[in-house]
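# Reading the structure
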2 protein chains.
Amino acid sequence: MTPRLLRLKQNVLEKNDRLANGLRLRFRQAGVFVLNLVSSPGTGKTALLESTLARMRARGLRVAALVGDLATENDARRLARSGAPVRQIVTDGICHLEAEMIETHLAASRWPLAELDFLFIENVGNLVCPSGYDLGEDLRVVLLSVTEGEDKPVKYPSLFNTADVAVLTKIDLAEAVDFDRAAAYANLQAVRPGLRVFETSAKTGQDLEAWLTFLLEARTQRLAETS
Amino acid sequence: MTPRLLRLKQNVLEKNDRLANGLRLRFRQAGVFVLNLVSSPGTGKTALLESTLARMRARGLRVAALVGDLATENDARRLARSGAPVRQIVTDGICHLEAEMIETHLAASRWPLAELDFLFIENVGNLVCPSGYDLGEDLRVVLLSVTEGEDKPVKYPSLFNTADVAVLTKIDLAEAVDFDRAAAYANLQAVRPGLRVFETSAKTGQDLEAWLTFLLEARTQRLAETS
């Protein structure tokens, strides 16, 4: 990268950080817990989100989702089946979401943030671009499917070492793809020591209750810290 | 994207195009057929390449590979098992390969291009970044695994509509993931009408011979056009 391009990129990231800090303040004041889901395309962010939204709604929790994609509104349509309010952010070729997009779409949605318990942001499927862009989230969740290969954390360290929690997806396929669980954990720990890992399947429902409990506890803890 | 950033990006792409055209000329003069493999991380570029290199060498073909990754030399180590000369390009966080990187690494490799029949370039796993960067290749190959979801071509149109051929991978898992073959084909044809598609499995070997035959014919045709 040329020095000029690098400087411009730094300016873009600094502006994003400022906006993200403003968002984070608003989220905390409203008492809404915000998650930013990142992964490779096809890892299963939408599938995990679909069942998380449905299970949360079944418990009476107030949830909403913003979904980023380069093109198409497919994901918003899938997620809307859960009954939760969902908005698609079409990035027109940009390979990540930015704090400014979140601001704009929250304003357009007119969702009263104080009436939400959880806001899920599904990032564009990409193991590189989203890593530098803070969206004001409380928790960054990186997903990794067992079909992608155990080496992804060490090949895309910047995305994995900025995550707060990891979710292994499609665990029902582990045997069919000879998934090397020990190698996957070793690689995750190598780039992000102490990272909490869930092993889920949207198909069989495995570990989805543990995942839900974790999210509820994380929100309770955040509220206690803020109040 | 700001106008200034957009203009800088255009300059970068124009420079890349110039270098790529120079590479293409060198490749044609040397009679080496060059492929650029693009896909999401974990689709199976390295696995397809591993068996393609091994099968080509078994037929006495002279092959080499350049492999791009953000970090690690894992892929080069895997591919070297085929016996073919392999060089890793570590991009240090850049999410695609550029013509200049190809030039530099070819120079450092000292491979006599005229003594190669095929040169494979495995791009960084990413469904966005590599699409704008010509590497002087004869054929751009996009891979899509059946585990990623049939919607990827319409969600990442720029990568799929710049490809010359598509390879469906992990076809042995099609049943386990309820792969919707008709939807995948419809989406591929929607963004790239007439795209040739192979359905392969590095595990069972399905369609790998047809894939090889296709590559040999494509090279023969190119040589006939050039001479």
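### A short note on the pattern of salt bridges
Residue and element names in this part refer to chain A.
- Using the criterion set out here, one finds 38 salt bridges over all chains in the structure.
- With a shortest N-O distance of 2.4 Å, Asp134 and Arg24 are connected by a salt bridge. On the criterion of sequence distance, the pair formed by Asp134 in the loop between β4 (118-122) and β5 (139-145) and Arg24 in helix α1 (residues 3-30) is long-range, its members being 110 residues apart.
- Residue class for Asp134 comes out buried when judged on its relative accessible area of 16%.

### Thoughts on the interface of chain B and chain A
- Contacts between chain B and chain A engage 36 residues on the former and 36 residues on the latter.
- Taken together, both faces of the contact between chain B and chain A bury some 2,900 Å²; the carbon and sulfur share is 59%.
- Area buried by chain B at its contact with chain A is led by Leu8, Pro41 and Lys155 of chain B, which between them contribute 19% of it.
- Here chain B is connected to chain A by 6 salt bridges.
- Between Asp75 of chain B and Lys155 of chain A there is a salt bridge, with the nearest N and O atoms lying 2.8 Å from each other.
- Between chain B and chain A we count 11 residue pairs in polar contact (both at pLDDT 80 or more) in total.
- Of all the secondary-structure elements, those providing two or more residues to the side of chain B that touches chain A are α1 (3-30), α3 (74-80) and α5 (152-155) of chain B.

### So, helix α4 (residues 99-109) of chain A
Residues and elements named next belong to chain A.
- Among all positions in α4, only Ala99, Met101, Ile102, His105, Leu106 and Ser109 are buried. In an axial view of α4, the angular spread of the buried residues amounts to 155 degrees, which keeps them on one side of the axis.
- At its buried positions, α4 is contacted by α1, β2 (63-69), β3 (86-90) and β4.
- Where α4 ends, the next residue or the one after it, Arg110, has phi of about 55 degrees, a positive value.

### Quick notes on the relation of the copies chain B and chain A
- With an RMSD of 0.0 Å, the fit of chain B onto chain A corresponds to turning through 180 degrees and sliding 0.0 Å along the axis. Within this description, the copies of the chain are treated as partners about a two-fold rotation axis.
- The overlap is high: 97% of the interface residues of chain B also sit at the interface in chain A, so the same surface is used on both sides.

### Focus: the sheet that holds strand β5 (residues 139-145) of chain B
All names here are of chain B.
- Ordered by their spatial adjacency, 7 strands build an open sheet running β3-β2-β4-β1-β5-β6-β7, and the pairing between neighbours is parallel. Since the sheet does not close on itself, it has two edges, and those belong to β3 (86-90) and β7 (196-199), each with one partner. Strand-to-strand twist of the sheet, defined as the mean angle between neighbouring strand axes without regard to direction, takes the value 20 degrees.
- Both strand β1 (residues 33-38) and strand β4 (residues 118-122) contribute to a ladder of 5 bridges, which runs parallel. Opposite Val34, over in β4, you have Leu119 as the bridge partner.
- Along the sheet, helix α7 (residues 181-191) makes contact with β6 (165-169) and β7, crossing β7 at roughly 150 degrees.

### Focus on the nonpolar core
- Counting residues in each nonpolar core, the largest one holds 52 residues, and the members touching the most others are Val142, Tyr156 and Phe160 of chain A together with Val142, Tyr156, Phe160 and Phe179 of chain B.
- Among all residues touching Phe160 of chain A, those that are not within four sequence positions of it are Leu127, Val142, Leu144, Lys152, Pro153, Leu188, Val191 and Arg192 of chain A.

### Description of the state of the cysteines
Residues and elements named next belong to chain A.
- All chains considered together, the criterion is met by 2 disulfides over all chains.
- In this model, Cys95 is linked to Cys129 through a disulfide, with the two sulfur atoms separated by 2.2 Å. On the sign convention where negative is left-handed, the bridge of Cys95 and Cys129, at about -90 degrees about the S-S bond, is left-handed. Within this pair, whereas Cys95 is found in the loop between β3 and α4, its partner Cys129 is found in the loop between β4 and β5, the two being separated by 34 residues in sequence. The same class applies to Cys95 as to Cys129, namely buried.

### Section: the packing of aromatic side chains
Residue and element names in this part refer to chain A.
- Under the criterion given, the structure shown has 10 aromatic pairs over all chains.
- Consider the rings of Phe118 and Phe120, whose centres lie 6.1 Å apart with planes at 20 degrees: the pair is stacked. A single burial state applies to Phe118 and to Phe120, both of which are buried.
- The ring of Phe118 is capped by Arg219, whose NZ or CZ atom sits 5.9 Å from the centre of that ring.

### Side note on the packing of α1 of chain A against α1 of chain B
- Contact geometry of α1 of chain A with α1 of chain B gives a least axis separation of 11 Å together with a crossing angle of 145 degrees. Note that α1 of chain A runs across α1 of chain B; the crossing there is left-handed. Facing α1 of chain A, whose interface residues are Arg4, Leu5, Leu8 and Val12 of chain A, α1 of chain B presents Arg4, Leu5, Leu8 and Val12 of chain B.
- Residue composition of the contact of α1 of chain A with α1 of chain B, by class: 6 nonpolar, no polar and 2 charged.

### So, the environment of Arg77 of chain A
Residue and element names in this part refer to chain A.
- Here Arg77 is to be found in helix α3 (residues 74-80).
- When its relative accessible area of 55% is taken as the criterion, Arg77 is described as exposed.
- Separated by 114 residues in sequence, Arg77 and Val191 have C-alpha atoms that sit 35 Å apart.

### Things to note about unusual backbone geometry
All names here are of chain B.
- Backbone geometry places Thr72, a non-glycine residue, at a positive phi of 70 degrees.
- Note that Thr72 resides in the loop between β2 (63-69) and α3.
- Positive phi, normally seen in glycine, also occurs at Asp207, with a value near 65 degrees.
- Considering the arrangement of structural elements, one finds Asp207 in the loop between β7 and α8 (208-226).
- Owing to a relative accessible area of 31%, Asp207 belongs among the partly exposed residues under this scheme.

Thresholds applied
- Residues numbered from 1 in each chain as written.
- Chains lettered and ligands numbered in written order.
- Predicted model: local features only at pLDDT ≥ 70, side-chain atom pairs only at ≥ 80, totals over all residues.
- Heavy atoms only, no water.
- Salt bridge = Lys/Arg side-chain N within 4 Å of Asp/Glu carboxyl O.
- Helix = DSSP H or I, 4+ residues; strand = E, 2+ residues; numbered from the N terminus.
- Buried < 20%, exposed > 50% of the residue type's maximum accessible area, 1.4 Å probe, protein only.
- Contact = heavy atoms within 4.5 Å.
- Buried area = accessible area lost by both parts, 1.4 Å probe.
- Polar contact = N/O pair within 3.5 Å; in protein donor to acceptor, adjacent residues only side chain to side chain.
- Arc of directions from axis to C-beta.
- Least-squares fit on C-alpha atoms with pLDDT ≥ 70 in both.
- Pairing = 2+ DSSP bridges.
- Axes fitted to C-alpha atoms, helices over the stretch in contact; angles between N-to-C directions.
- Core = buried A, V, L, I, M, F, W, Y, C linked by side-chain atoms within 4.5 Å.
- Disulfide = S-S within 2.5 Å.
- Phe/Tyr/Trp six-rings, centres within 6.5 Å; stacked < 30°, edge-to-face > 60°.
- Lys NZ or Arg CZ within 6 Å of the ring centre and 35° of its normal.
- Left-handed = near helix turned anticlockwise from the far one by under 90°.
- Nonpolar A, V, L, I, M, F, W, Y, C, P; charged D, E, K, R; others polar.

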